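# Examining the three-dimensional arrangement
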Amino acid sequence: MTVAADLSESAYRQAAAFLATLDEDWAHHISATGPCRHTAKPAREPYEALIRAIAYQQLHAKAGDAILGRFLALYPAAAFPAPQQVLATDEAALRACGFSATKLATIRGIAQAALDGIVPTREQALAMPDEALIERLVTLRGVGRWTVEMLLIYTLERSDILPADDFGVRDGYRRLKQLDATPTRKQMETISLAWSPYRTVAAWYLWRVPVNVSGS
């Protein structure tokens, strides 16, 4: 079964219009923020997207850029190294890029999993339902649900993904609704059911709720 993805500008407009009908808070925020400008990277293979995500985990963007840049520099003849190349690279050279021992083990594990067919090709991944892909990939060491959700959003262009573990999403909703406490993941999952099938766009808007948002 092929899973359809539609993140075109017309789809963004439709999603924003739907979310704006939820209540005055959503309507005000969407009006103030403007059109959704979500940008995906659909040309990447899942293997590459996962390694890039791991490189940036728990780091500021500039630090992640530097580490990834040193990693790619090890393979000047390739736009991105194949799994075989990563596994054949001396661990000391990979560590010198700035990867922690834990991240290095995860990256090498992803490379091996790609060779073993656990990490699907892009074509295979496009045919897999969201939860099936999440269930398969979270079995890999160091790969959590959030990492796979970023793959679904940015590489596979899925339109109904709500990363409920993401603090930016949860705290964005707290600010949007002027709540005393940030919702838990389970609360966020329940709340977000009303936003389906446009939860990817909802997450994009929640990441952009101003710190000092005021009610409408």
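Just so you know, these numbers come straight off a predicted model, no measurement behind them.

### Points about helix α4 (residues 61-73)
Turn by turn, an α-helix covers 3.6 residues, leaving residues three or four places apart pointing in a common direction. Taking 1.5 Å of rise per residue, 13 residues should cover 18 Å, and α4 covers 18 Å from first to last C-alpha, within 8% of that figure. Of the residues making up α4, those classed as buried are Gly64, Ile67, Leu68 and Phe71. Taken down its axis, α4 places every buried residue within 95° of arc, on the same side. Structural note: α4 exposes Lys62 and Ala73 on the side pointing more than 90 degrees away from its buried face. Check the buried side of α4 and you find it contacts α3 (46-56), α5 (83-88) and α6 (91-96).

### Digging into the pattern of salt bridges
Where side chains of opposite charge bring their charged atoms close, a pairing between them can arise. Applying the stated rule across the entire model yields 13 salt bridges. Close ionic contact of Asp23 with Lys177 constitutes a salt bridge, the shortest N to O distance being 2.8 Å. Linking Asp23 in the loop between α1 (9-20) and α2 (24-33) with Lys177 in helix α11 (residues 167-177), this pair joins segments that are 154 residues apart in sequence. Of the charged contacts, one joins Glu189 and Arg185 as a salt bridge, the two residues approaching to 2.9 Å between their closest N and O atoms. Taken as a pair, Glu189 and Arg185 lie in helix α12 (residues 185-191) at a separation of 4 residues, close to a single helical turn.

### Topic: the domain arrangement of the protein chain
By domain assignment, the protein chain separates into domain 1 (9-40 + 161-207) and domain 2 (46-155). For domain 1 versus domain 2, the separation of C-alpha centres amounts to 28 Å. At the junction of the two partners, domain 1 supplies 12 residues and domain 2 supplies 8 residues. Interface area for domain 1 against domain 2, summed over the two sides, is near 840 Å², with a carbon-plus-sulfur share of 66%. Counting every contact that joins domain 1 to domain 2 gives 0 salt bridges. Connecting domain 1 to domain 2 are 1 residue pair in polar contact (both at pLDDT 80 or more). In terms of residue class, the side of domain 1 that touches domain 2 is built from 6 nonpolar, 3 polar and 3 charged.

### Things to note about the UniProt feature "domain: HhH-GPD" (unreviewed entry) in the protein chain
Under the feature "domain: HhH-GPD" (unreviewed entry), the UniProt entry names residues 55-211. In residues 55-211, the share of helix is 59% and the share of strand is 0%. The end C-alpha atoms are 28 Å apart.

### Focus on the packing of aromatic side chains
One pass over the structure, following the stated rule, counts 8 aromatic pairs. Plain terms: the ring middles of Trp26 and Trp195 are 5.2 Å apart, the flat faces sit at 70° to each other, and that makes the pair edge-to-face. Remark: Trp195 occurs in the loop between α12 and α13 (199-206) and Trp26 occurs in helix α2; sequence separation between them is 169 residues. Both residues of the pair, Trp26 and Trp195, count as buried. Three or more aromatic residues joined by ring pairs form one cluster here, namely Tyr47, Phe71, Tyr75, Phe80 and Phe99.

### Notes on the environment of Ala93
Here Ala93 is to be found in helix α6. Ala93 sits in the partly exposed class, given a relative accessible area of 26%. Expressed as a C-alpha distance, the spacing of Ala93 and Asp166, which sit 73 residues apart in the sequence, is 32 Å.

### Remarks on the nonpolar core
In terms of nonpolar packing, the biggest core is built from 35 residues, with Tyr47, Phe71, Phe99, Ile110, Val119, Leu133 and Leu137 touching the most fellow members. Mapped onto this core, the elements with two or more residues apiece are α3, α4, α7 (101-116), α9 (130-137) and α10 (145-154). At 6 residues, α3 tops the list of elements feeding residues into this core. In this structure Phe99 touches Ala55, Ile67, Phe71, Leu94, Leu104 and Ile107, once residues within four positions along its chain are discounted. Of all hydrophobic cores here, the second largest spans 22 residues; its members include Ile30, Leu162, Tyr173 and Ala203.

Procedures and definitions
Residues numbered from 1 in each chain as written. Predicted model: local features only at pLDDT ≥ 70, side-chain atom pairs only at ≥ 80, totals over all residues. Heavy atoms only, no water. Helix = DSSP H or I, 4+ residues; strand = E, 2+ residues; numbered from the N terminus. Expected span 1.5 Å × (residues − 1). Buried < 20%, exposed > 50% of the residue type's maximum accessible area, 1.4 Å probe, protein only. Arc of directions from axis to C-beta. Contact = heavy atoms within 4.5 Å. Salt bridge = Lys/Arg side-chain N within 4 Å of Asp/Glu carboxyl O. Domains from an automatic or database assignment. Buried area = accessible area lost by both parts, 1.4 Å probe. Polar contact = N/O pair within 3.5 Å; in protein donor to acceptor, adjacent residues only side chain to side chain. Nonpolar A, V, L, I, M, F, W, Y, C, P; charged D, E, K, R; others polar. UniProt positions renumbered as here; feature names shortened; annotations may be inferred. Phe/Tyr/Trp six-rings, centres within 6.5 Å; stacked < 30°, edge-to-face > 60°. Core = buried A, V, L, I, M, F, W, Y, C linked by side-chain atoms within 4.5 Å.

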